[in-house]
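# Survey of secondary and tertiary structure
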Amino acid sequence: MVWITSMLLATVLWSGFFDQTCSKEIEETHHELNFSRKIQSESSTVVLVQVIHRHGDRSQTSTYPNDPNKNSWPQGFGQLTTMGMNQGFELGQFLQSWYGELIDKVFNHTQVSIRSTDYARTLMTAECVAAGLFSQADRQNHSVQGLPSINWQPVPIYSVPKSMDRLLRPSSSCEYINDLRSEVEVSFDSQQELLFQKELMLNLSRFTGMDINATSLHYLADIVFCQNSHNMTQPKWLTPDIQTQLYSYKQNKASVTAADAKYLSGTLLETLINNIQAKMKGSQNKMYLYSAHESPLRFLMALLGVDTRLEVPYAAAVIVELHQIEGKHLIRLFYRNSTTQAPHVLVAAGCPNEMCPFHIFNEVYQKRMLTDKEWDDICIEAPYKSFVLAESLFPLLVGVLVAFIGLDVFLGFKLFNLHNVLRHGPHLEQYALLEAEQDHNESDVEFELEEMHTKVKNEDLKQNNGGGSHVIDSDESI
């Protein structure tokens, strides 16, 4: 049932995808589009808004050897374009029109907090969103004191290095999550089918000058998409049919299970829930803005059970509202992926309807949050798990250690004997036995000579004493 609901939602959202691409500059303003809430009476019950949005249009992030347009980006690869700046500003104006009554016209750090990943394109998008959010037509009544001539308000944007960003870029700060993300990205059936078109893959390798695999094919699709969005001339081999297949490969994403999504976006969900609980306890914050990339939004929606299986377009946003109605707190979710259509209402899995009581939402998603301890277990202590596992085999390890020590002593003794043999020659033992036998023979001869000498002396004494038989002990003779 969840799968059917997701597919129906994907069909609806697909229609809003293409108008958000980089194919044209954003010329309309939010006021001209005249967005309106589906339930106007509930706008005054919002007490907290959290917005997670993707950065605006950017230049390609990579190239290939035969790329004819690789030098066509003035700011280089992966940078926010003018079109992307307009998209960010327009998103800020939209937020102002929906939540302008919630926050002050002039930026107040106790009300609004802005966080971004450590990338130029996300930081610049956050600045553009803030410029749109705090842009007022009546500057005389709502200008920053002391800066009446400046038509924008400087606001702080917080960030942390990529390698430390658990919140918005967990794959850059945890090897386990990075490996999991790689597995998810290449597991989609239609992507695999495209890779099995051997003739097409060989032609693409020959035309581009690089080996084509699951990763390089994604980069190629992104390159073609970005260049076409800025009306760059493509080589003749890049036919409309090939472009269509590349777009399909890029836009259709693998389904992400809730178990995987917990690791890919569970820290973000935990932060959103913690912010809600802090507000319920009296926090002054009224709005949190998170400037991020495509994957955090897609994985968050998968974690909430509303995975569209489509790429998240530039400047798209997931909006989490906290309402307070008659003393009760309720959660309402939106997905804004179009500048020409009102945001889509999302019903999170486990919620009875779009206005989900917070206690139900919290109960359902407590187990899907990635806590600090769970993070440490998989991201910090993981290298030591093998040691902990071996500790249970301690007796066996002791036995193996003793055996190695015994073998070492035995080999040492044999090497010592070998050293002596090499030093004294190969017949050392025979020489030792011969020397021992010679010593024994010499002792026997000396004893016999001494015995004969004593016998002669005794004979002489007999003659001198008249043939007496007195025997002198050899020990007393001098």
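Cut-offs and rules
- Every chain is numbered on its own, with residues counted from 1 as its sequence reads.
- Note on the predicted model: pLDDT of at least 70 is required for a residue's local features to be given, and 80 or more for side-chain atom pairs to be given and counted; whole-chain, interface and lining totals, by contrast, use all residues.
- The basis for every side-chain value is the complete set of heavy atoms in the structure, and neither hydrogens nor water enter the calculation.
- Secondary structure elements are taken from DSSP: a helix is a run of H or I of four residues or more, a strand is a run of E of two residues or more, and numbering for both begins at the N terminus.
- Per-residue accessibility, obtained with a 1.4 Å probe over protein chains only, is compared with the maximum for each type, and a residue is labelled buried under 20%, exposed over 50%, and partly exposed between these values.
- Two residues form a contact once any of their heavy atoms are found within 4.5 Å.
- Between N-to-C directions, angles span 0 to 180 degrees; the directions come from axes that are lines fitted to C-alpha atoms, helices contributing only their stretch in contact.
- With respect to orientation, any angle under 35 degrees is reported as roughly parallel, any angle over 145 as roughly antiparallel, any angle of 65 to 115 as roughly perpendicular, and every other angle as oblique.
- Left-handed describes a crossing whose near helix is turned anticlockwise from the far helix through less than a right angle; right-handed describes the clockwise counterpart.
- Under the grouping applied here, Gly and all other residues not named as nonpolar or charged are polar, the nonpolar ones being Ala, Val, Leu, Ile, Met, Phe, Trp, Tyr, Cys and Pro and the charged ones Asp, Glu, Lys and Arg.
- Lining residues are defined by having an atom within 4 Å of a point belonging to a cavity or pocket. Those points lie on a 1 Å grid over the protein atoms alone, cavities being sets where a 1.4 Å probe fits but cannot get out and pockets being open sets with protein on both sides within 12 Å along at least five of seven lines.
- Grid points are joined across faces, edges and corners, and a volume is the space filled by probe spheres set on the points.
- Criterion for a disulfide: a pair of cysteine sulfur atoms at a distance within 2.5 Å.
- To qualify as a nonpolar core, a set must consist of buried Ala, Val, Leu, Ile, Met, Phe, Trp, Tyr and Cys residues joined through side-chain atoms within 4.5 Å.
- Polar contacts, as used here, are pairs of N or O atoms within 3.5 Å; protein pairs need one atom able to donate a hydrogen and one able to accept it. Residues neighboring in sequence count only if both atoms are side-chain atoms.
- A carboxyl oxygen of Asp or Glu within 4 Å of a side-chain nitrogen of Lys or Arg is what we treat as a salt bridge.
- Note that the arc is defined by the directions from the helix axis to the C-beta atoms.

Secondary structure summary: the protein chain contains 17 helices and seven strands in total. A burial count over the protein chain gives 42% of its 478 residues as buried. In the protein chain, 75% of the contacts between residues at least 6 apart in sequence involve partners at least 24 apart.

Our next topic: the packing of helix α3 (residues 82-99) against helix α4 (residues 120-133). As a packed pair, α3 and α4 sit with axes 6 Å apart at the nearest point and diverge in direction by 40°. The orientation of α3 relative to α4 falls into the category oblique. When you trace α3 past α4, the crossing you get is right-handed. Touching Met85, Gly88, Phe89, Leu91, Gly92, Gln93, Leu95 and Gln96 of α3 are Met124, Thr125, Cys128, Val129, Ala131, Gly132 and Leu133, all from α4. Residue composition of the contact of α3 with α4, grouped by class: nine nonpolar, six polar and no charged.

Turning to the layout of surface pockets, a few remarks are in order. In this model, the largest pocket occupies a volume close to 730 Å³. Along the wall of the largest pocket there are 25 residues; nearest its centre are Arg169, Arg181, Glu185, His218 and Tyr219. At the level of secondary structure, the elements contributing two or more residues to the lining of the largest pocket comprise α6 (175-185), α9 (214-229), α10 (240-251) and α12 (294-303). With five residues, the top contributor of residues to the lining of the largest pocket is α9. In terms of residue class, the lining of the largest pocket is made up of four nonpolar, nine polar and 12 charged.

Next up on the list: the state of the cysteines. Simply put, the disulfide is a covalent bond whose two ends are the sulfur atoms of two cysteines. Enumeration according to the criterion identifies two disulfides in this entry. What pairs with Cys174 in a disulfide is Cys379, and their sulfur atoms sit 2.0 Å apart. Negative torsions about the S-S bond denote left-handed disulfides, and the value of about -90° found for Cys174 with Cys379 makes this one left-handed. In this pair, Cys174 sits in the loop between α5 (170-173) and α6 while Cys379 sits in helix α14 (residues 372-380), placing the two residues 205 residues apart along the sequence. The same class applies to Cys174 as to Cys379, namely buried. Note on cysteine connectivity: Cys351 is disulfide-linked to Cys356, with sulfurs 2.2 Å apart. Residues Cys351 and Cys356 share a disulfide whose torsion about the S-S bond is about -75°; that sign makes it left-handed.

A separate point is empty space enclosed by the protein. Per the stated rule, a full pass over the model turns up nine cavities of 30 Å³ or more. A volume near 90 Å³ is recorded for the largest cavity. Looking at the lining of the largest cavity, the elements that each hand over two or more residues are α5, α6, α11 (258-280) and α12. The leading source of residues in the lining of the largest cavity is α12, at three residues. Residues belonging to the lining of the largest cavity are distributed by class as follows: seven nonpolar, three polar and two charged.

Turning our eyes to something else, we now look at the nonpolar core. Counting residues in each nonpolar core, the largest one holds 48 residues, and the members touching the most others are Ile52, Ile177, Leu269, Leu300, Leu304, Ile331 and Phe361. It is α11 that contributes the most residues to this core, seven residues altogether. The contact partners of Leu300, leaving out residues within four places of it in the chain, are Ile52, Ser265, Leu268, Leu269, Leu272 and Val318. Counting 25 residues, the second-largest nonpolar core is a separate cluster that includes Ala126, Val129, Phe134 and Val345.

Here we come to the side chain of Arg298. Mapped onto the fold, Arg298 is located in helix α12. At 2.8 Å, the side chain of Arg298 forms a polar contact with the side chain of Glu294. In contact with Arg298, not counting residues within four places along its chain, are Glu185, Lys253, Ala254, Val256, Asp307, Leu310 and Val312.

Turning our eyes to something else, we now look at the pattern of salt bridges. Under the counting rule described, the total for this entry stands at 11 salt bridges. Residue Asp222 pairs with Lys250 through a salt bridge whose shortest N-O separation is 4.0 Å. Of the two residues, Asp222 sits in helix α9 while Lys250 sits in helix α10, which places them 28 residues apart along the sequence. Its relative accessible area of 4% is what places Asp222 among the buried residues. Looking at Lys250, the relative accessible area reads 2%, which means it is buried. The residue Arg298 makes a salt bridge to Glu294 at a minimum N-O spacing of 2.8 Å. Of this pair, Arg298 and Glu294 are both found in helix α12, four residues apart, which corresponds to roughly one turn of the helix. In this pair, the class of Arg298 matches that of Glu294, namely buried. Linked through salt bridges whose partners overlap, the residues forming this network are Arg58, Asp222, Lys250 and Glu311.

As a further point, take α6. Burial in α6 covers these residues: Ile177, Leu180 and Val184. Down the axis of α6, the smallest arc covering the buried residues is 60°, so these residues share one side. Residues of α6 that are exposed and angled more than 90 degrees away from the buried face: Glu175 and Glu183. Where the residues of α6 are buried, they touch α5, α11, α12 and α14.

Looking now at the packing of α6 against α12. The geometry of α6 relative to α12 is characterised by a closest axis approach of 13 Å and an angle of 80° between their N-to-C directions. What the angle tells us is that α6 and α12 run roughly perpendicular. Packed against α6, whose contacting residues are Arg181, Val184 and Glu185, the element α12 presents Ser295, Arg298 and Phe299 at the interface.

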